[in-house]
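Chain and residue survey
Here is what each chain is made of, one letter per residue.
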Amino acid sequence: MPTILITDDSRFMRDNLKNILLEAGHKVVGEAANGKESVELYQKLHPDLVTMDITMPVLSGLDALKQIVALDPKANVVMVTAIGKPEKVLEALNAGAKNYITKPFEKEKVLEIIDELLLPV
Amino acid sequence: MDNSIASLVEPVKTFDVGDIGKSVNDYFIANPGTEGVVICDKEQPAGIVMRSYYYQKIGQQYGYSLYSGRPLALMMKTDILILDAACDLARFGHLAMDRQPEDVYDFVAVMDNGRLLGAVSIRNFLVEMSNAKEHEIELLREHNVMIEQARQKEKEYLAEVERMNRDLAVRSDSIKNLLDNAGQGFLTINDKLIVTDEFSNECVRIFGVQVGGRPIASLLASGVEKDALEAMTDIFRNVFSEENKLRNKVYMSLLPGEIRINNRAIQFVYKIIRSGTEKQIMFILTDITQRKHLEQKMEEEKTNMRLAVKAVMNKNDIVATLQELEAFYTKTVFDTLAVTADFKQALASIFRTVHTFKGNLAQLSMTHTSNTLHGIENDLQRALDAPASYTSEQVAGFFRRISYAQLVEDDVRVITDTLGQDYFRQDETVAVDKHNILAIEEKIRSLCSPELSARLLPSVKKLRYQNFKNILMKYNEYLLFTAEKLEKEMNDITVLGDDVFIDADKYRPFTKSLTNIFRNIADHAIEPPDERIDKGKNVKGSVTCKLVEQEPNNFVFSIQDDGRGIDFARVREKALEKGLYSPEELAQFSPQKLLELVLLDNFSTKDSVTAISGRGMGLSAVKAEIEQIGGKMEIDTEPGAGTKFVFRLPQL
């Protein structure tokens, strides 16, 4: 079963996302509260997909993304971002993010994006 | 407002059935604002030709050559609505809306004393009606359905246009004509991000300049901020250089769906067009200024409904988030600015917190508050970009401009208006009047699309559900009261296990029948106090209920007493007495089979008919009710130690 690592500095958001993923039968192997934790957990857990909030303390989502992609160019990183910030998303996509989820997120949309990346084509 | 439709009637251009298609074509081109024309036969209306219908007809293969030289009688719609000028608005609305979906926007011809007076445009009718307060919501709903249908039509129409555009190597005059009259702008850009020569006239109207040969960025510059425009350009470049379709899709989804151009709201739809190895991006532009105005009201109502639903379902989250926000907004911000030595660091920390609140509030549907925070976040972003030109006093000012009360006012009002002033009292549960919930359900049904309703309604319906535990606990008083009358002593009922929520109305006949079980326990099962003492049991009898939720759609509960159990010897005797089975048959019966006898009509092992337990109808009634709703019941007994009833039920 594919494994997922959630990254967000808000516990509320992590729980929200985790519930959506668990309900759909995904396996959430780790939760990181900032970019640094996310990179560390990525190295330890080798998840199939990482969700990455952009605005976070210690290490931002964009920097964490770059570090993860440097470690593993094939990494599936999906950015989580507030609506109306296309510039930030674009920067992330150009840096190797595979897709993005906008907050507030809807269950169906989240699962569609995750499945698109995790299901073998 | 006048009650007849007379005030809505407008003069309408008429043609004779013998006139040729080209005459209508010329008229539409010369009068771009005209929605349609009426075709008369001996001065009586015989049909109509609406603009969109006309262009659909001639858009078909050979359509133009087929219809342009032939009489209008061949192409007009003959199934038309003709009404008298005295017809009232309500009846008009009913008849006009009752037409086939594809006809709903057609003119209605209006007669006066046997002569054609003119036509009523459905668009005008809707505008007029939406001015009338009492019909407002109802009409918006119908309008929404029509907009949906119109959009659907528009989509099919666009797909058709696009297909023709691709298929035809040489664009004929009629296609150009079609594009120019579709009321929408079409343009394509090439890999240099320059608008090609293939664009429709509407584009010129929208942008106010000739668009062919211009860089797309220069056309958009007035409506898009610099950063966003750079991002758009970057996206276009990426789409042209990237072959992966999923990547293309992800990038294109970042493009804005609406841009204000020359003070009009223009909807932008983007499509990648491939012909051979060449790739172009097509823009489909629609002026939605009018539509937006009508939809805005409805959108607001929908947002409020969503908040009301969230407020009930996630009360703890809402209350906790607001408390945290208040502490941050009224205190932490100022402390951080005063205490943290590094101004930039303080700013960054405040920015992140505001950003997080913004997201969390939006997730909880508190959009007003979230939007206001978005504005503050923008101010903070500017300060972060140039910290040297800001003081901490200025940053504190961002938060003083709007008080906390003003910040949350709109969302809090939506909650208290819908759910009552008591909502924010410190209490884990919300009591909502059943009628309020029904009203919310009705509003969701009338305002939201079927898909959205299907997602929202189950949550709201659950508010009407009851915890099955509470239903069982209601029997406590009855059980103790019955036991007392029979001079027995009993403890309160114990209810354990899962919280199972059910639509109580649907289970009512069954749950009512459970009286029989509790009465049986008090009367038959629990021994008198002296007997219990002799047996070494607690002098007070006990009843324990247990609930287990079973996925996906079932639940099980049991009612267990610590009474005398069912006496198999008495069951056999009773069955004999009643002549149900022979002694030989009964000797063969397993304990389980004997227990099934207890559930038969008129089977009671108590020797006397008492006022309390009646004639042994009890258990069979429970069995009948549970079977009625697709459930099953079983009995398990241990002589001397007690009896357990197990009920297996579907979620209804």
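Everything numeric in this text was worked out from a predicted model, so none of it was measured. (Residues numbered from 1 in each chain as written. Chains lettered and ligands numbered in written order. Predicted model: local features only at pLDDT ≥ 70, side-chain atom pairs only at ≥ 80, totals over all residues. Heavy atoms only, no water.)

Pairs may arise between side chains of opposite charge once their charged atoms sit close together. All names here are of chain B. A complete count under the given rule lists 38 salt bridges over all chains for this structure. The salt bridge partner of K192 is D191, with a shortest N-O separation of 3.8 Å. Under the relative-accessibility criterion, K192 is labelled exposed at 61%. K535 serves as the salt-bridge partner of E527, at 3.0 Å between the closest nitrogen and oxygen. K535 gets classed as partly exposed once you look at its relative accessible area, which sits at 41%. Several salt bridges share partner residues, and in doing so they unite E527, E531, R532, K535, K537, D562 and R564 into one network. (Salt bridge = Lys/Arg side-chain N within 4 Å of Asp/Glu carboxyl O. Buried < 20%, exposed > 50% of the residue type's maximum accessible area, 1.4 Å probe, protein only.)

A few words now on the nonpolar core. Residues and elements named next belong to chain B. With 57 residues, the main nonpolar core has L187, I189, F207, I216, F268 and F283 as its most contacted residues. Per-element tally for this core: the top contributor is helix α10 (residues 226-241), with seven residues. L337, F351, F357 and L419 belong to the second-largest nonpolar core, a separate cluster that totals 54 residues. (Core = buried A, V, L, I, M, F, W, Y, C linked by side-chain atoms within 4.5 Å. Helix = DSSP H or I, 4+ residues; strand = E, 2+ residues; numbered from the N terminus.)

With that settled, consider helix α13 (residues 315-339) of chain B. Residues and elements named next belong to chain B. With 25 residues, α13 ought to run about 36 Å at 1.5 Å a step, and its terminal C-alpha atoms sit 34 Å apart, in line with that. Maximal helix bending in α13 amounts to about 45 degrees, located at F328. What α13 keeps buried is the set K315, I318, V319, T321, L322, L325, F328, Y329, V333, F334, T336 and L337. The elements touched by buried residues of α13 are α12 (289-313), α14 (343-363), α15 (367-385), α16 (392-400) and α17 (404-419). (Expected span 1.5 Å × (residues − 1). Bend = angle between axes of the 7 residues up to and from the residue. Contact = heavy atoms within 4.5 Å.)

Attention now goes to the interface of chain A and chain B. Between chain A and chain B, the contact holds 26 residues from the first and 28 residues from the second. Interface area for chain A against chain B, summed over the two sides, is near 2400 Å², with a carbon-plus-sulfur share of 57%. Considering only the side of chain A, the residues that lose the most area to chain B are F12(A), T55(A) and L90(A), jointly responsible for 23% of the buried surface there. In this structure, the connection of chain A to chain B is made through one salt bridge. Taken together, the links from chain A to chain B amount to 10 residue pairs in polar contact (both at pLDDT 80 or more). When residues of the side of chain A that touches chain B are traced back to their parent elements, those giving at least two are α1 (11-23), α4 (86-94), β5 (99-103) and α5 (107-118) of chain A. Sort the elements by how many residues they give to the side of chain A that touches chain B and α4(A) lands first, with six residues. When its residues are assigned to classes, the side of chain A that touches chain B shows 13 nonpolar, five polar and eight charged. (Buried area = accessible area lost by both parts, 1.4 Å probe. Polar contact = N/O pair within 3.5 Å; in protein donor to acceptor, adjacent residues only side chain to side chain. Nonpolar A, V, L, I, M, F, W, Y, C, P; charged D, E, K, R; others polar.)

In this section: the sheet that holds strand β9 (residues 258-261) of chain B. Residues and elements named next belong to chain B. Spatial strand order, β8-β7-β11-β10-β9: five strands in an open sheet with antiparallel pairing. On the outer flanks of this sheet lie β8 (195-199) and β9, each paired with one strand and no other. Sheet twist, expressed as the mean angle between neighbouring strand axes with direction ignored, is 35 degrees. This element, α10, spans β7 (185-189), β9, β10 (264-275) and β11 (278-287) of the sheet and lies at about 140 degrees to β11. (Pairing = 2+ DSSP bridges. Axes fitted to C-alpha atoms, helices over the stretch in contact; angles between N-to-C directions.)

Let us look at the packing of helix α23 (residues 515-525) of chain B against helix α28 (residues 618-628) of chain B. Residue and element names in this part refer to chain B. At a minimum axis separation of 8 Å, α23 and α28 run at an interaxial angle of 155 degrees. Classified by the angle between their axes, α23 and α28 sit roughly antiparallel to one another. For α23 against α28, the interelement crossing comes out left-handed. Along its contact with α23, which presents N516, I517, R519 and N520, the element α28 presents G618, L619, A621 and V622. Across the contact of α23 with α28, the residue classes tally to four nonpolar, three polar and one charged. (Parallel < 35°, antiparallel > 145°, perpendicular 65-115°, else oblique. Left-handed = near helix turned anticlockwise from the far one by under 90°.)

Moving on, we come to the sheet that holds strand β6 (residues 115-120) of chain B. Adjacent strands of a sheet pair through backbone hydrogen bonds, lying either parallel or antiparallel. Residues and elements named next belong to chain B. Within the open sheet, the three strands sit side by side as β4-β5-β6. Their pairing is mixed. Whereas interior strands pair on both sides, the edge strands pair on one side only; in this sheet they are β4 (82-84) and β6. Each strand axis lies, on average, 35 degrees off the axis of its neighbour in the sheet, ignoring direction. Two elements, strand β5 (residues 108-112) and β6, share five bridges in a ladder whose sense is antiparallel. Along β6, the bridge assignment pairs V110 with G118.

Limitation: the analysis is restricted to geometry and does not speak to function.
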